[in-house]
Amino acid sequence: MKRRELAQGMMLATVFGLTAPASAQPAGAGATAWATAWAASAHGPYPVGNPSAQPNQSFTFPEPQQGARDQTFRLVLRPSLWGRQARLRFTNAFGTQPLRIDGAHVGLQLGGAALVPGSNAPVRFGGQEGVTIPPGGQAWSDPVDLAFAADPDSPLLMGRKLAVSFHVADRSGPMTWHAKALQTSYLTAPGAGAQGQDEGEAAFPFSTTSWFFLDALDMMAPAGTPVILCFGDSITDGTASTLNGDDRWPDVLERRLKAAMGNRVAVINAGIGGNQVVGPAEYGPDKPFPGGPSALSRLDRDIASLSGIRTVIWLEGTNDFSRNGNASLEAVQDGMRQGVQRLREAIPGVRLVGATVTPALGSTSPAHGHAEQDEKRRGLNDFIRTSGLFDAVVDFDTATRDPASGGLKPEMVPESTMGGPGDKLHPNRAGYLAMAMSIRPADVLPTR
């Protein structure tokens, strides 16, 4: 980082009341390490899930159980951190047959499915053009040089998006996906073959607001760069936020920290719409659930196996207490205790932050909004605030609750995705902004 940029970052840290961790200082000897810069928690198989603003997918996947057929995906994503090298993790977690991926490329999005000319770089796997991933498996790519990110600290890279293209050969079978991307990505027609090397958009006429097969992106960063992972359900995943607007609460938190620390911190989103702490009891390709596998069953894949995780903010519980979950307060409390213990064992020194659950009283969703759910929610919030289980607490309940009604504040109800009245369960852009602004950076940054 240039001296002037470092001085500006330190000044902003003072203004925001932040104490920059060691990783926010110059790298010294130049030690580097992988840090997760983006993630999309896997569930499936498609189409089981809770997408938002999803276009008609019948032209791209006419036989859902057969999945993709000889076609190319161009997934658009926004890294939280930039580096000169990247690597990609592909997953077949909920597939039932081997998945063959080849023709993968990564480039800088220009707009739509078009890429900045000259930015598209091929991706290799063990030096080979493709990889076969067994059912339940995953595969990391080789490191990829990002020529356009020669200066990862450049403010011109902040907010820019990558396009990850790859070809699924033959038929994929049941597809592992992340339903609620709230980001438009692009697809070729079935049978169109490998088109990932093409930097234009003509080969990608179809769109989707979901991510498929890709569940993590790492960047090479100064060693010790803190990665803050936001773990939760649809209210972390971003339901009712703005399509392509990047205004989920983790996005806003990221921008707050970036203003002070620059390209020296990452905030990633590990939410799944409909997720529960302790349910469902069973989950798999033959027994899927729209909310994905339980939080407890995905701790390893979606948190511990990622790179550089220093803090986890956990916001869940509302779906456990819905009519879909019907869990007791005690079961969810016990589940959180188990999860915290397992994370502390898996990631020594991790900072764990509990988030109080936002209100849903009076929701128009058939499964939510009843008095029993709200009673359990308030009991869980008391537990999060007073049990001492977490290293810190962020109070999303207070930030979003209307004292008069006990539900969401009225200005946080109308949805921001496509307009409409909202469901009194998911905060809109105003609600997510208030949630992120209520977080004290010192509560979520690692202390060492």
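Up top you'll find the structure we're talking about.
What counts, and at which threshold
Residues numbered from 1 in each chain as written. Predicted model: local features only at pLDDT ≥ 70, side-chain atom pairs only at ≥ 80, totals over all residues. Heavy atoms only, no water. Helix = DSSP H or I, 4+ residues; strand = E, 2+ residues; numbered from the N terminus. Rg over C-alpha atoms; globule rule 2.2 N^0.38 Å. Buried < 20%, exposed > 50% of the residue type's maximum accessible area, 1.4 Å probe, protein only. Contact = heavy atoms within 4.5 Å. Areas by Shrake-Rupley, 256 points an atom, 1.4 Å probe, with all protein chains shown as cover. Lys, Arg positive; Asp, Glu negative; His and termini not counted. Charge placed at Lys NZ, Arg CZ, Asp CG, Glu CD. Axes fitted to C-alpha atoms, helices over the stretch in contact; angles between N-to-C directions. Left-handed = near helix turned anticlockwise from the far one by under 90°. Pairing = 2+ DSSP bridges. 1 Å grid on protein atoms, 1.4 Å probe; cavity = no way out; pocket = protein on both sides within 12 Å on 5 of 7 lines; lining within 4 Å. Points joined across faces, edges and corners; volume = space filled by probe spheres on them. Nonpolar A, V, L, I, M, F, W, Y, C, P; charged D, E, K, R; others polar. Expected span 1.5 Å × (residues − 1). Polar contact = N/O pair within 3.5 Å; in protein donor to acceptor, adjacent residues only side chain to side chain. Parallel < 35°, antiparallel > 145°, perpendicular 65-115°, else oblique.

Peer 1: Explanation requested: the overall build of the protein chain in the structure shown.
Peer 2: In terms of helices and strands, the protein chain carries nine helices and 20 strands. For 448 residues, the compact-globule estimate of 2.2 N^0.38 gives 22 Å, and the C-alpha radius of gyration of the protein chain, at 21 Å, lies within 12% of that figure. Across its three principal axes, the protein chain shows a C-alpha extent of roughly 55 × 55 × 40 Å. Split into buried and exposed, the 448 residues of the protein chain put 59% on the buried side. Look at the contacts in the protein chain between residues 6 or more apart in sequence, and 80% of them connect residues 24 or more apart. Surface accessibility of the protein chain: about 16500 Å² in total, with carbon and sulfur atoms responsible for 53%. Charged side chains of the protein chain number 39 positive and 42 negative; the gap between the two group centres comes to 5 Å.

Peer 1: Would you explain the packing of helix H5 (residues 329–346) against helix H6 (residues 371–386) in this entry?
Peer 2: When two helices pack together, their arrangement is captured by the angle between the axes and the distance separating the axes. Following both chains from N to C, one finds H5 and H6 inclined at 30°, their axes separated by 10 Å at the closest point. Between H5 and H6 lies a crossing whose hand is right-handed. Facing H5, whose interface residues are Leu-329, Val-332, Gln-333, Met-336 and Arg-337, H6 presents Lys-376, Gly-379, Leu-380, Phe-383 and Ile-384.

Peer 1: Hey, could you run me through the pairing of strand S10 (residues 162–171) in this one?
Peer 2: Successive residues of a regular strand alternate their side chains across the two faces of the sheet. Most of S10 is tucked away, with eight of its ten residues classed as buried. The pairing of strand S2 (residues 69–77) with S10 spans eight bridges and is classified as antiparallel. Across the sheet, Phe-73 pairs through a bridge with Phe-166, a residue of S10. Pairing geometry for strand S4 (residues 99–111) and S10, over six bridges, is antiparallel. Across the sheet, Leu-108 pairs through a bridge with Leu-162, a residue of S10.

Peer 1: How should empty space enclosed by the protein be read in this particular structure?
Peer 2: Summary: where empty space remains is shown by rolling a probe the size of a single water molecule over the atoms. In this structure the tally under the stated criterion is three cavities of 30 Å³ or more. Reported here for the largest cavity is a volume of approximately 260 Å³. Along the walls of the largest cavity sit 24 residues, with Trp-38, Trp-211, Arg-248, Asp-251 and Asn-269 positioned nearest its centre. Mapped by element, the contributors of at least two residues to the lining of the largest cavity are strand S1 (32–39), helix H3 (249–261) and strand S17 (266–271). When residues of the lining of the largest cavity are assigned to their parent elements, the largest contribution, four residues, is made by S17. When grouped by side-chain class, the residues that make up the lining of the largest cavity number ten nonpolar, six polar and eight charged.

Peer 1: Can you help me understand the side chain of Ser-172 in this one?
Peer 2: Structurally, Ser-172 is set in the loop between S10 and strand S11 (177–178). Note on Ser-172: relative accessible area 1%, which makes it buried. Apart from the residues lying within four places of it in its own chain, the contact partners of Ser-172 are Gln-66, Gly-67, Ala-68, Gln-97, Leu-99 and Phe-213.

Peer 1: What is the right way to look at H3 in this model?
Peer 2: Side chains three or four residues apart in an α-helix point the same way, a direct result of the helix having 3.6 residues per turn. Spanning 13 residues, H3 covers 18 Å between terminal C-alpha atoms, matching the ideal 18 Å at 1.5 Å per step. A large share of H3 lies buried, amounting to eleven of its 13 residues. Along H3, the residues classified as buried are Trp-249, Pro-250, Asp-251, Val-252, Leu-253, Glu-254, Arg-256, Leu-257, Lys-258, Ala-260 and Met-261. Positive backbone phi, at 65°, marks Gly-262, one or two positions downstream of H3.

Peer 1: Explain the sheet that holds strand S20 (residues 392–394) here, please?
Peer 2: Consider a sheet: its strands pair through backbone hydrogen bonds, and that pairing is either parallel or antiparallel. Within the open sheet, the five strands sit side by side as S17-S16-S18-S19-S20. Their pairing is parallel. Each edge of the sheet is formed by a strand with only one pairing partner; in this case those strands are S17 and S20. Across the sheet, the axes of successive neighbouring strands diverge by a mean angle of 25°, strand direction being ignored. For strand S16 (residues 227–232) and strand S18 (residues 309–315), the ladder comprises six bridges, and the chain directions are parallel. Bridge pairing in S18 links Ile-228 to Thr-311.

Peer 1: Any chance you could explain the pairing of strand S15 (residues 214–222) here in plain terms?
Peer 2: When you tally the buried positions in S15, you get eight out of nine residues, the bulk of the element. Sheet topology places strand S3 (residues 85–91) next to S15; five bridges connect them, and they run antiparallel. Directly across from Phe-90, in S15, lies its bridge partner Leu-214.

Peer 1: Explain the side chain of Thr-236 here, please?
Peer 2: Relative to the elements of secondary structure, Thr-236 occurs in helix H2 (residues 234–237). Among the residues examined, Thr-236 registers a relative accessible area of 0% and is labelled buried. Reaching out from Thr-236, the side chain makes a polar contact with the side chain of Trp-249 at a distance of 3.4 Å. Thr-236 has contacts with Cys-230, Phe-231, Arg-248, Trp-249, Pro-250, Asn-269, Gly-271 and Leu-315, leaving out every residue within four places of it along the chain.

Peer 1: Hey, could you run me through the packing of H3 against helix H8 (residues 429–437) in this one?
Peer 2: The N-to-C vectors of H3 and H8 enclose an angle of 45°; their axes lie 8 Å apart at closest approach. What the angle tells us is that H3 and H8 run oblique. Note that H3 runs across H8; the crossing there is right-handed. Note on element contacts: H8 touches H3 through Tyr-432, Leu-433, Met-435, Ala-436 and Met-437, opposite Trp-249, Val-252, Leu-253 and Arg-256. Its residues assigned to classes, the contact of H3 with H8 comprises eight nonpolar, no polar and one charged.

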